[in-house]
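Inside the fold
Residues per chain are reported as follows:
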Amino acid sequence: FFQLFYLEIFDDKLILVNNDGEILFSSLSQLFNKKRSNLKTKKIKSNLKTYKVMGTLTHNSDIFVSYLDIKNNCQIYNIASAQINFDNLLFKKVFTSQACGSNLNAGRMSAYTHNGKNGLLATVGGEKINQPTDEPQNPSSDIGKILFIDLESNKKIIYSSGHRNPQGLLVDNNRIIATEHGPAGGDEINIIKKGKNYGWPISRSEERRVGKECR
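Residues numbered from 1 in each chain as written. Predicted model: local features only at pLDDT ≥ 70, side-chain atom pairs only at ≥ 80, totals over all residues. Heavy atoms only, no water.

Right, let's talk about the overall build of the chain for a bit. The helix and strand tally for the chain stands at two helices and 17 strands. Rg of the C-alpha trace for the chain: 18 Å, near the compact-globule value of 17 Å for 215 residues, within the 12% margin. Its C-alpha atoms put the chain at 55 × 40 × 40 Å along the principal axes. For the chain, buried positions account for 47% of its 215 residues. Pairs at least 24 apart in sequence give 43% of the contacts found in the chain among residues at least 6 apart. On the chain, roughly 12000 Å² of surface is accessible, and the fraction owed to carbon and sulfur atoms is 48%. The averaged location of the 21 negative side-chain charges in the chain is 2 Å from the averaged location of its 29 positive side-chain charges. (Helix = DSSP H or I, 4+ residues; strand = E, 2+ residues; numbered from the N terminus. Rg over C-alpha atoms; globule rule 2.2 N^0.38 Å. Buried < 20%, exposed > 50% of the residue type's maximum accessible area, 1.4 Å probe, protein only. Contact = heavy atoms within 4.5 Å. Areas by Shrake-Rupley, 256 points an atom, 1.4 Å probe, with all protein chains shown as cover. Lys, Arg positive; Asp, Glu negative; His and termini not counted. Charge placed at Lys NZ, Arg CZ, Asp CG, Glu CD.)

Spelled out as structure tokens, the structure:
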């Protein structure tokens, strides 16, 4: 058994969110002090209720958490946000996917501006090992997609599709980079373009995928 957790930095604080939704913080200055025996962590109260945390993001004065709920034995992908304080975090839902699955994963987020609208890019994966489905190619499903979520309207668009398990996401100016499991084992790095299809599971050739996707 192992416990996954996510780290965020806000001002002089290190925020830790574990897989179960427990949120703690500590002082960065204490963390880098050679006398770490005095390092203390404190739990932050919150109203976040989750089956499993998938990712975190701090942006401006807010913290965003992507997480799963269970409904009728099916996993539902959500994103919630709260204004950061270190006493009590009051989360409000930003997004709930209409898709559900038995193995949802990924969940990375990054702040992004699309067509002048401020929002989030978010990754959604759901493929079991060696059990590909048609969901990444289905335009009616969020699974196997990178989504853009407008933070003003909370509406989403499918930014890119055909992803197997996009577990890494980075925005550098206008360049979007995602990492995911490759079609023939190993990992791949893709430069993400709006409206592009990255081939899973209809394209299985690693050489063909990387050559087309990274242009």
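Across the sheet, which stays open at both edges, the four strands sit in the order β6-β7-β8-β10 with antiparallel pairing between neighbours. Each edge of the sheet is formed by a strand with only one pairing partner; in this case those strands are β6 (52–59) and β10 (92–101). Taken pair by pair, the neighbouring strands of this sheet meet at an average axis angle of 20°, ignoring direction. Here strand β8 (residues 74–83) runs beside β10; their pairing, made up of six bridges, is antiparallel. Bridge pairing in β10 places Ile 79 opposite Phe 95. (Pairing = 2+ DSSP bridges. Axes fitted to C-alpha atoms, helices over the stretch in contact; angles between N-to-C directions.)

This brings us to the confidence of the model for the chain. With 90% of its residues at a pLDDT of at least 70, the chain reaches an overall mean of 89. Of the regions scoring below 50 in pLDDT, residues 205–215 engages in 23 contacts with residues more than four places distant in sequence or in other chains. (pLDDT = per-residue confidence, 0-100.)

Within the open sheet, the four strands sit side by side as β1-β2-β3-β4. Their pairing is antiparallel. A single partner strand is all that each edge strand has here, and the edge strands are β1 (5–10) and β4 (42–43). Where strand β3 (residues 23–27) meets β4, two bridges bridge the pair, whose relative direction is antiparallel. Among the inter-strand pairings, Phe 25 is bridged to a residue of β4, identified as Lys 42.

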